[in-house]
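The chain contents come next:
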Amino acid sequence: MQTLARSQQQRSPLFPMPSYRDSLHPWCIVRSFPNAHTLVVARFRRRNDAEAQLRALQRLIPVATFCIVFDAGQRSDQPETEGEDS
């Protein structure tokens, strides 16, 4: 049992894979905070939907800083580099 749990831990990616819903909604509105933290406010399937929401947010909260980003996620077809001899 312990060896199975260890092998599953070793195969887990360094960064978590995006959920299926997140991969369907790659356009994100991100709010930036002064202490260099960011927060994903909303996710959209289309960029023009994100732009419309961004305009509304900027009108409602003019002192906040928002931007639109495309979150491509982590590609699953990349080879793992752990344990490889280079």
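Below is a short write-up of the structure. (Residues numbered from 1 in each chain as written. Predicted model: local features only at pLDDT ≥ 70, side-chain atom pairs only at ≥ 80, totals over all residues. Heavy atoms only, no water.)

Remarks on the nonpolar core
Core analysis: the largest hydrophobic core is formed by ten residues, namely Trp27, Ile29, Ala42, Phe44, Ala50, Leu54, Leu57, Ala64, Phe66 and Ile68. Counting residues per element, the ones that place at least two in this core are strand E1 (27–32), strand E2 (38–44), helix H3 (47–60) and strand E3 (65–70). Per element, the largest residue contribution to this core is three residues, and it comes from H3. The residues touching Phe44, leaving out its near neighbours within four places in the chain, are His25, Pro26, Trp27, Ile29, Asp49, Ala50 and Gln53. (Core = buried A, V, L, I, M, F, W, Y, C linked by side-chain atoms within 4.5 Å. Buried < 20%, exposed > 50% of the residue type's maximum accessible area, 1.4 Å probe, protein only. Helix = DSSP H or I, 4+ residues; strand = E, 2+ residues; numbered from the N terminus. Contact = heavy atoms within 4.5 Å.)

Brief notes about H3
Here H3 spans 20 Å end to end across 14 residues, near enough to the 20 Å set by a 1.5 Å rise per residue. Among all positions of H3, only Ala50, Leu54 and Leu57 are buried. Mapping the buried residues of H3 onto a view down its axis gives an arc of 65°, with all of them on the same face. Next to the buried residues of H3 lie E1, E2 and E3. (Expected span 1.5 Å × (residues − 1). Arc of directions from axis to C-beta.)

Things to note about the state of the cysteines
Taken as a whole and judged by the stated rule, the model has zero disulfides. In this structure Cys28 is a free cysteine whose sulfur lies 9.6 Å from that of Cys67, the closest cysteine sulfur available. (Disulfide = S-S within 2.5 Å.)

With respect to the pattern of salt bridges
What the rule picks out here adds up to three salt bridges. The residue Arg46 makes a salt bridge to Asp49 at a minimum N-O spacing of 3.2 Å. A salt bridge links Arg47 to Glu51; the nearest nitrogen and oxygen atoms lie 2.9 Å apart. On the criterion of helical spacing, the pair formed by Arg47 and Glu51 is a turn pair, its members being four residues apart in helix H3. Judged by relative accessible area, which is 38%, Arg47 ranks as partly exposed. (Salt bridge = Lys/Arg side-chain N within 4 Å of Asp/Glu carboxyl O.)

By themselves, these are just geometric observations and shouldn't be taken as functional.
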